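# A closer look at the structure
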Amino acid sequence: MRIARFTTGDDPRYAIVQQEGDRTFLAVLTGDPLYMPTTPTGERLELGDGVRLLAPVIPRSKIVAVGKNYADHAKEMGGEVPSSPLLFFKPNTAVAGPDDPIVLPDFSQEVSYEAELALVVGRVTKDVTPERALDHILGYTVANDVTARDAQRTDGQWARAKGFDSSCPLGPWIETELDVEDVAVRSRVNGEPRQDGRTRDLVFDIPFLVSYISEAFTLLPGDVILTGTPAGVGLIDQGDRVECEVEGIGVLSNPVVRRDPSL
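These notes cover the structure that comes with them. (Residues numbered from 1 in each chain as written. Predicted model: local features only at pLDDT ≥ 70, side-chain atom pairs only at ≥ 80, totals over all residues. Heavy atoms only, no water.)

### Focus: the pairing of strand E6 (residues 63–67)
Definition in use: Partly exposed describes any residue whose relative accessible area lies between the buried limit of under 20% and the exposed limit of over 50%, with all areas from a 1.4 Å probe on protein chains only and scaled to the type maximum. A run of DSSP states H or I qualifies as a helix once it reaches four residues; a run of E qualifies as a strand once it reaches two. Both are numbered from the N-terminal end. Strand pairing is assigned whenever DSSP identifies at least 2 bridges connecting the two strands.
Most of E6 sits out of view: 5 of its 5 residues are buried. Residues Ile63, Ala65 and Gly67 point to one face of E6 and Val64 and Val66 to the other, with burial holding for every one of them. Across 5 bridges, E6 lies against strand E7 (residues 86–90) in antiparallel orientation. Its bridge partner being in E7, glycine 67 is matched across the sheet by leucine 86.

Now the structure itself:
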């Protein structure tokens, strides 16, 4: 099942995504599926014509991200694979949705994309075992861990480099039924392929990551976990369009803009 968050110009609502050929329909739900059963209202809308997808979740608490979780990416960044998961946070104000702009921050001249598989936590999770970890996950979506590389080098910690507004696009929806042991994670910039990895190459697999993270932090419904990016990251600039794709979920596409400092 695919769960979308959308708007028709009013408050955000939720829906089950239904594909019919090249047309996408949204079967509207009564409320937030994180907190209540997925009950259709009977209303059905076609995507487009005033129906716009939003980020499928805005974390109530936190986004926990994992760095250097593909050996080829660790190598291209000039570092070693960590002996344990390298964790950092992104604030929920970093979230952007499908087709929302990635706004390049004034403090950086070296911003790059990072396509990732993201997990959406479905219930309160603390000290869960790897064997039970996936029982606590509502589903999966696509993420772009946008990073200001120059700030990452100079700051000594990654809050500014990876937490600025619009640095965490999520979407296009949450897929609740997906075997994520071996799916492709890809990116394109202006249609040109850049990344092409598979989750079977994760240094730390998904059940282990959920368990490891839950030892330190209580995970709440709606929290998001970014699982790492494969090799092939590179810089983006104003006017670019970045597409991140996870096999079995879909494509997350965002234009890149630079804020007018005079505004």
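### With respect to the sheet that holds strand E13 (residues 147–148)
Sheet architecture is open: 3 strands sit in the order E13-E10-E18, paired in antiparallel fashion. Only two strands of the sheet have a single neighbouring strand rather than two, namely E13 and strand E18 (235–236). When strand E10 (residues 111–112) meets E13, the two strands line up antiparallel, connected through 2 bridges. The residue bridging valine 111 from the neighbouring strand is alanine 148, located in E13.

### Examining the layout of surface pockets
To keep things clear, this is the line we draw: Residues are called lining when one of their atoms sits within 4 Å of a cavity or pocket point, these points coming from a 1 Å grid over the protein atoms alone, where a cavity is a set in which a 1.4 Å probe fits but cannot get out and a pocket is an open set with protein on both sides within 12 Å along at least five of seven lines. Grid points are joined across faces, edges and corners, and a volume is the space filled by probe spheres set on the points.
Each pocket or cavity is described by its volume, and for the largest pocket that value is around 230 Å³. If you list the elements that add at least two residues to the lining of the largest pocket, you get E6 and helix H2 (149–155).

### Here's the deal with the side chain of arginine 149
Applied cut-off: In what follows, residue pairs with any heavy atoms lying within 4.5 Å of each other are defined as contacts.
Structurally, arginine 149 is set in helix H2. Residue arginine 149 is classed as buried on the basis of its relative accessible area, which comes to 9%. When near neighbours in sequence (up to four residues on either side) are disregarded, arginine 149 contacts His73, Met77, Glu110, Ser112, Glu114, Lys162 and Val233.

### Points about the sheet that holds strand E16 (residues 192–198)
Stated formally: Axis geometry follows a simple rule: fit a line to the C-alpha atoms, using only the stretch in contact for helices, then measure angles between N-to-C directions, giving values from 0 to 180 degrees.
Spatial strand order, E9-E20-E19-E15-E16: 5 strands in an open sheet with mixed pairing. The sheet is open, and its two borders are formed by strand E9 (102–104) and E16, each paired with just one other strand. Neighbour to neighbour, the strand axes of the sheet diverge by 20 degrees on average, direction disregarded. Both strand E19 (residues 241–246) and strand E20 (residues 250–258) contribute to a ladder of 6 bridges, which runs antiparallel.

### Quick notes on the pattern of salt bridges
Put simply, the test is: Within this document, salt bridges are pairs made up of a side-chain nitrogen of Lys or Arg and a carboxyl oxygen of Asp or Glu, the two lying within 4 Å of each other.
As enumerated under the stated definition, the model contains 22 salt bridges in all. For arginine 153, the salt bridge is made with glutamate 110, and the minimal N-O distance between the two is 2.9 Å. Of this pair, arginine 153 sits in helix H2 while glutamate 110 sits in the loop between E9 and E10, placing them 43 residues apart in sequence. Connected via shared salt-bridge partners are Lys90, Glu114, Asp145, Arg149 and Lys162.

### Quick notes on the nonpolar core
Inclusion rule: Joining through side-chain atoms within 4.5 Å is the link that ties buried Ala, Val, Leu, Ile, Met, Phe, Trp, Tyr and Cys residues into a set, and such a set is a nonpolar core.
Core analysis: the largest hydrophobic core is formed by 50 residues, its most contacted members being Phe6, Leu26, Leu117, Leu119 and Val210. Those residues in contact with leucine 119 that sit more than four places away from it in its chain are Ile137, Gly139, Tyr140, Ile206, Val210, Asp223, Val224, Ile225 and Thr227. Membership of the second largest hydrophobic core comes to 17 residues, among which are Ala55, Ala65, Phe88 and Val224.

### Focus: unusual backbone geometry
In this model, glycine 171 is joined to proline 172 through a cis peptide bond whose omega is 0 degrees. With a phi angle near 55 degrees, asparagine 190 is a residue other than glycine that sits in the positive phi range. Mapped onto the secondary structure, asparagine 190 falls in the loop between strand E15 (184–189) and E16.

### Description of the pairing of E15
Counting buried residues in E15 gives 5 out of 6 residues, a clear majority hidden from the surface. The pairing of E15 with E16 spans 6 bridges and is antiparallel. Counted as the bridge partner of alanine 184 is arginine 198 from E16. Connecting E15 to the next strand, E16, in antiparallel fashion are 2 residues, including asparagine 190 with a positive phi near 55 degrees. The pairing of E15 with E19 spans 5 bridges and is classified as antiparallel. Pairing of serine 187 across the sheet is with cysteine 244, part of E19.

Scope: geometric values only; no functional claims are made or implied.
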